[in-house]
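One letter stands for each residue in the lines below.
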Amino acid sequence: MTAFYPERVFLHVTETVSTNDDVKKMIYSGDDRFALLSADTQSGGRGRLGRSFLSPEGGVYFSAAYPLSGREKNIPFLTLAAGLAAAEAIDGAASGGKTPASLIKWPNDIYINGKKVCGILTELVSVGGRSTAIVGIGINVKSFGESCPAELKDKITALNDEGIFPDKRILIRSIAERLDRLVYSENVLEDVPDSVLDALNSRSFIRGKEIVFSDGSAKKSGVAASIERDGSLRVVTANGDRFVKFGEITAMQTR
């Protein structure tokens, strides 16, 4: 990390509505600490596209502030960098010889064994002409058991269900240190190194799969090919390559 950014300050609360909202309030109030705020539970956790994120006690929920210098050319890549940091840290938390395969579903989810275990929400705020990105990460740690909503039983998992029992504080710090290094030492928001791009593509959950994606207002289909340097997803379609920069993608069911 460059000298411009001080050592990260780790804060914790027992319960909150949203750690992202709390960090926003800190920034708007003039609190310029290089902060990360975690919580035991959130009553109003959010995901992309206005969706709610289930945040019961026992999970990992935190948001970190990333002050921007103005030199960044590719701020949207921050979400993918966070996904890579989270996936690597989750795999590193495994013990007993278990080798999990935490995969990244473009652009903001982590999957293990075909089920979502982690979601990421990145937001941007500007105060006094200075911009700060906020990265919120939620990880299912404790098994949901019978408390899991019926509509999610086949879609989500938890680290404990996958045989991973991390020290949550160590896991949070591991993710933060990895992401801080990617942003401020490897400068991935200015130029993405080949090694980072290769690492992302090697962990792609949808690479080589048929997907449905939204290109403007119309839904189209194709094969997910690769994550690109600008953070877009290259999709091979019958009408040539498409580069999806935002929106929703869905893997098609195999017959």
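Please refer to the structure placed before this passage.
None of these values were measured; they are calculated from a predicted model.

Comments concerning the packing of aromatic side chains
Thinking step 1. Tallied over the full model, the rule gives four aromatic pairs.
Thinking step 2. Summarising the aromatic geometry, the rings of Tyr 66 and Tyr 184 are spaced 5.9 Å apart at their centres and angled 20° between planes, so their arrangement reads as stacked. Remark: Tyr 184 occurs in helix H3 (residues 168-185) and Tyr 66 occurs in strand S3 (residues 60-67); sequence separation between them is 118 residues.
Thinking step 3. Positioned over the ring face of Phe 10 is Arg 173, at 3.9 Å from the centre of the ring.

Side note on the pattern of salt bridges
Thinking step 1. Across all of its chains, the model carries 12 salt bridges by this definition.
Thinking step 2. A salt bridge links Arg 8 to Asp 180, with the shortest nitrogen-to-oxygen separation between them at 2.9 Å. Taken together, the positions of Arg 8 in the segment before strand S1 (9-16) and Asp 180 in helix H3 put the pair 172 residues apart, joining distant regions of the chain. There is no split in this pair, since Arg 8 and Asp 180 are both buried.
Thinking step 3. The salt bridge partner of Asp 230 is Lys 245, with a shortest N-O separation of 3.9 Å.

The rules behind these values
Residues numbered from 1 in each chain as written. Predicted model: local features only at pLDDT ≥ 70, side-chain atom pairs only at ≥ 80, totals over all residues. Heavy atoms only, no water. Phe/Tyr/Trp six-rings, centres within 6.5 Å; stacked < 30°, edge-to-face > 60°. Helix = DSSP H or I, 4+ residues; strand = E, 2+ residues; numbered from the N terminus. Lys NZ or Arg CZ within 6 Å of the ring centre and 35° of its normal. Salt bridge = Lys/Arg side-chain N within 4 Å of Asp/Glu carboxyl O. Buried < 20%, exposed > 50% of the residue type's maximum accessible area, 1.4 Å probe, protein only.

Functional significance is not addressed by these values, which are geometric in nature.
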